[in-house]
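Each chain is listed here by its residues.
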Amino acid sequence: MIVQMTSGATTQQIDHVVERATAMGFDTLLNVGTDKTVVAILGSRTGEVSTDVFAVLAGVDTVTRIMKPYKLASREFHKELSLVPLGGLDVGGERLVMIAGPCAVESETQMLRAAEAVKAAGANALRGGAYKPRTSPFAFQGLAEDGLDILARARAETGLPVVTEVVDPHHVEQIVRYADVLQVGARNMQNYTLLREVGRSGHTVILKRGLSSTINEWLTAADYILAEGNDRVILCERGIRTFETSTRFTLDVSSIAVVKRYSHLPVIVDPSHAAGHFRYVPTLARAAVAAGADGLIVEVHPNPEEALSDGIQSLTFENFDQLMAELRPIARAVGRELSSASEQDKVGVV
Ligand code: PEP
Ligand code: MN
């Protein structure tokens, strides 16, 4: 339930709303605006309470039931679009964030080569998984802490912030020591213990959409992170399961429009996992930028033939360069821009 206070509401009146809600066993969150204050009343039983209970209190302007299952991720709670820091960028602003790199960290040479190449093409951040959620337990599972160490070295060499996946709540403490951004993968979108833990970390989180999750479920999962007081959440559309098998998943381009309508959180797109084949990646990437995505996360490998995971969908350096060139005019046409190679050249070595 969202209680919107009148512009002139006093602190005592706001406190009284909070006290009433607390006495009824609900949690509250305040959004203090320059003009109006909004009190979110949280709890699974809010549906059982009449809006009159709050509407009758002094200083209350309107009380709205939130029909959507998510609250904190909603634009009703937070009207302005959120900007989420990632390295030196604000994701959700005019500048698109381009995150690129291999599916998995395989070696120092592989990551350093990839980091330098994607940076030279204008990418803003480096991706690479050290803990891989593989469909088969016999497939390459990642280099674990050695992989994180390699990522940190690639960052030191290039100044690019690093994005890496966290698959286990017990790993969060370790990963935040090495990485700038925590990625919650599609398979873990509803791993609530993990969501709470990345929420508590305060780190920027990329929350991928589950393979078969609705947009409502995805935004409700984001609420778990936001409810821990971490507002640095970036959503990532990465394709969903449909009856179509020509591509690995089906990129749900419409989710960009829906998320922009109902949520204040930025949304980026992963064309690589959606396509499942490098040939289709540029098409999906261009569509995503044209549709208003706030950035992309793309798999790029120095030698896709030898990749230990997802080689088939990885772009070569040359293909990534070309993709960046193709995206520039599209970004401009929708009022956005990409970092240029020369700007990225100036990114500080840390
Ligand atoms: C990945 O980014 O390498 C990955 C495993 O993605 P997803 O969780 O979207 O399948
Ligand atoms: Mn992958």
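Please read these numbers as outputs of a predicted model, since none were measured by experiment.

1. Structural notes on the coordination of the manganese ion (ligand 2)
Ideal coordination angles are 109.5 degrees for a metal with four donors arranged tetrahedrally and 90 or 180 degrees for a metal with six donors arranged octahedrally. Protein coordination at the manganese ion (ligand 2): the donors are Cys 103 (SG), His 273 (NE2), Glu 299 (OE) and Asp 310 (OD), at 2.0 to 2.4 Å from the metal. Summarised as a motif, the one-chain spacing of the donors to the manganese ion (ligand 2) is C-x169-H-x25-E-x10-D. With His 273 in helix α9 (residues 271–275) and Glu 299 in strand β14 (residues 295–299), this pair connects stretches of sequence that are 26 residues apart. Residue class for His 273 comes out buried when judged on its relative accessible area of 8%.

2. With respect to the pattern of salt bridges
Inspection of every chain in the model, using the stated rule, returns 17 salt bridges. A salt bridge links Glu 237 to Arg 209, with the shortest nitrogen-to-oxygen separation between them at 2.8 Å. Taken as a pair, Glu 237 in strand β12 (residues 233–237) and Arg 209 in the loop between β11 (204–208) and α7 (215–226) lie far apart in primary sequence, 28 residues in all. With a relative accessible area of 4%, Arg 209 lands in the buried category. Of the charged contacts in the structure, one is a salt bridge between Arg 286 and Glu 326, with a shortest N-O distance of 2.8 Å. Of this pair, Arg 286 sits in helix α10 (residues 281–291) while Glu 326 is found in helix α11 (residues 317–333), placing the two residues 40 residues apart along the sequence. Each of Arg 196, Glu 197, Arg 200 and Glu 228 takes part in one network of salt bridges that share partners.

3. Describing the domain arrangement of the protein chain
Taken as a whole, the protein chain is organised into domain 1 (2–64) and domain 2 (84–346). For domain 1 and domain 2, the distance between their C-alpha centres works out to 37 Å.

4. As for the confidence of the model for the protein chain
For the protein chain, per-residue confidence averages 95 on the pLDDT scale, and 99% of positions sit at 70 or higher. Of all secondary-structure elements in the protein chain, the lowest mean pLDDT belongs to helix α12 (residues 341–345), at 82, while β12 reaches the highest, 99.

Rules used in this analysis
- Residues numbered from 1 in each chain as written.
- Chains lettered and ligands numbered in written order.
- Predicted model: local features only at pLDDT ≥ 70, side-chain atom pairs only at ≥ 80, totals over all residues.
- Heavy atoms only, no water.
- Donors = N, O, S within 2.8 Å, 3.2 Å for Na, K, Ca; no water.
- Helix = DSSP H or I, 4+ residues; strand = E, 2+ residues; numbered from the N terminus.
- Buried < 20%, exposed > 50% of the residue type's maximum accessible area, 1.4 Å probe, protein only.
- Salt bridge = Lys/Arg side-chain N within 4 Å of Asp/Glu carboxyl O.
- Domains from an automatic or database assignment.
- pLDDT = per-residue confidence, 0-100.

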